[in-house]
Amino acid sequence: MPELPEVETVRRGLAPVMDGARIRKVRQHRPDLRFPLPQNFVNRLSGARLGVLQRRGKYLFSDLSTGETLIMHLGMTGRFTIEDEESRQPGRFEHTHQANLRHDHVVFELESAAGAGATVTYNDPRRFGFMDLVGTIALEECRHFEGMGPEPMGNGFCAEAFNTALKGRTTSIKAALLDQRVVAGVGNIYACEALFRAGVSPRRRAASVAGRRGERLQASIVAVLGDAIAAGGSTLRDFAGADGALGYFQHRFDVYGREGEPCPACGAPVRRLVQAGRSTFFCGRCQR
DNA sequence: CGATTAACCTGGAAGC
DNA sequence: TGCTTCCAGGTTAATC
């Protein structure tokens, strides 16, 4: 469920206990998530020291002292909980409402450089998330990262590159934004929000956006993601931000989930349509 | 070849 | 109350 801002918020929440920590033990409660967990997953992790937790698109990853890299994806409903082992107190990265324990699939028991213990639990009811171990040397070419588009908050994402990626595409601009090869990390919510901010119709052919509209849309993507990250990541349904507070950025969505409500810019009712099997929310008057 | 659709799962909300 | 239907922030194999 989480898109780039939420994954970045998760990264920031986990980093204090994961960066540089040693993995004492891993508990694996089932053989698979979306995919089978790697062979000997527990043994390949146990005893390893974690590097710095990083993010690429909607993926989290951390190098290990073993020469492998742990890659994690949250799917739609994946989330992490931190518990402080010594005090038995939930950490600041606790869900607002109790997660169903039967969906706690992987538990990392960690020990910081200072010797403090912490438990990081991965919970995922729908199991669309996954974890993988790949050789660190071949990380860029691994099946998860190969072909992924530029990081929207990085130097590689500029209007020129964005327009180039859109040229020749006959699919809708909405569907193109969801294609991780065009730009990494944008999902259904922020695709809708970026299109609204840019005043671009979600039904427009992607190729027809290249140009002035593409420049505006590229800037809108950066702006809306930046706002969401600054707000601590949006929260919706079963996802809680790093501080556990629900209802953060969700109140600031201009069009997503607001079918029938007035457009914040012109007052016309926000409309909903289905594209590529996903709901699109937009203003038919502001977005052309 | 690119573009769309169906499928993977569970749980919560809405409708009857 | 209980049952049914629809919907959900993602990805990808299968199909058009």
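Note: the structure precedes this text.
Quick caveat, the model's predicted, so the values are computed rather than measured.

Participant: What's the story with the pairing of strand E7 (residues 117-123) in this structure? I'm lost.
Facilitator: On a regular strand, each side chain points to the face opposite its neighbour's, so the side chains alternate between the two faces of the sheet. Of all 7 residues making up E7, 7 are buried, and the element is well covered by its neighbours. Burial along E7 is two-sided: the face carrying Gly117, Thr119, Thr121 and Asn123 and the face carrying Ala118, Val120 and Tyr122 are both buried. In the sheet, strand E5 (residues 79-84) pairs with E7 via 6 bridges, with the strands oriented antiparallel. By the bridge assignment for E7, Phe80 is matched with Tyr122. The pairing of strand E6 (residues 104-111) with E7 spans 7 bridges and is classified as antiparallel. Directly across from Glu111, in E7, lies its bridge partner Gly117.

Participant: Just to check I follow, could you spell out the protein's contact with DNA strand B for this structure?
Facilitator: Neighbouring DNA strand B are the residues Arg34, Asn100, Arg102, His103, Pro125, Arg126, Arg127, Phe128, Arg169, Thr170, Thr171 and Arg205. Within 4 Å of the protein, the contacting atoms of DNA strand B are 67% sugar and phosphate, with bases supplying the remainder. In the environment of DNA strand B, a phosphate oxygen lies 2.8 Å from a nitrogen or oxygen atom belonging to the side chain of His103. A distance of 2.7 Å is found between a base oxygen of DNA strand B and a side-chain nitrogen or oxygen belonging to Arg126. Residues belonging to the surface near DNA strand B are distributed by class as follows: 2 nonpolar, 4 polar and 6 charged.

Participant: Can you help me understand unusual backbone geometry in this one?
Facilitator: Trans peptide bonds make up the majority, and among non-glycine residues the majority have a negative phi. Here Arg127, not a glycine, exhibits a phi torsion of approximately 60 degrees, which is positive. Along the chain, Arg127 falls in the loop between E7 and strand E8 (130-135). Residue Ala276 is not a glycine yet carries a positive backbone phi of 50 degrees. On the accessibility criterion, Ala276 (68% relative accessible area) is exposed.

Participant: Help me understand the nonpolar core, please; the structure alone is not making it clear to me.
Facilitator: Nonpolar side chains tend to gather and get buried jointly when the protein is soluble and globular. Grouped together as the largest cluster of nonpolar side chains are 28 residues, with contacts concentrated most on Leu14, Phe41, Leu45, Met72, Phe80, Phe108 and Met131. With 4 residues, the top contributor of residues to this core is helix H1 (residues 4-18). Apart from residues no more than four positions distant in its own chain, Phe41 is found in contact with Val26, Gln28, Leu70, Val106, Met131 and Leu133.

Participant: Sorry, what's going on with the pattern of salt bridges here?
Facilitator: Close approach of charged atoms allows side chains with opposite charge to pair. Taken as a whole and judged by the stated rule, the model has 15 salt bridges. Taking the shortest distance from any N to any O, the salt bridge between Glu151 and Arg55 comes out at 3.0 Å. Here Glu151, found in the loop between E8 and helix H3 (159-166), pairs with Arg55, found in strand E2 (residues 54-56); they are 96 residues apart in sequence, far enough to count as distant. On the accessibility criterion, Arg55 (17% relative accessible area) is buried. With its nearest N and O atoms 2.9 Å apart, the salt bridge here joins Asp227 to Arg197. With Asp227 in helix H6 (residues 212-230) and Arg197 in helix H5 (residues 188-198), this pair connects stretches of sequence that are 30 residues apart. Of the residues examined, Asp227 reaches a relative accessible area of 29% and is grouped as partly exposed. Counted as one network, the salt bridges with shared partners bring together Glu8, Arg11, Arg12, Arg55, Arg56 and Glu151.

Cut-offs applied
- Residues numbered from 1 in each chain as written.
- Chains lettered and ligands numbered in written order.
- Predicted model: local features only at pLDDT ≥ 70, side-chain atom pairs only at ≥ 80, totals over all residues.
- Heavy atoms only, no water.
- Buried < 20%, exposed > 50% of the residue type's maximum accessible area, 1.4 Å probe, protein only.
- Helix = DSSP H or I, 4+ residues; strand = E, 2+ residues; numbered from the N terminus.
- Pairing = 2+ DSSP bridges.
- Near = heavy atom within 4 Å.
- Polar contact = N/O pair within 3.5 Å; in protein donor to acceptor, adjacent residues only side chain to side chain.
- Nonpolar A, V, L, I, M, F, W, Y, C, P; charged D, E, K, R; others polar.
- Core = buried A, V, L, I, M, F, W, Y, C linked by side-chain atoms within 4.5 Å.
- Contact = heavy atoms within 4.5 Å.
- Salt bridge = Lys/Arg side-chain N within 4 Å of Asp/Glu carboxyl O.

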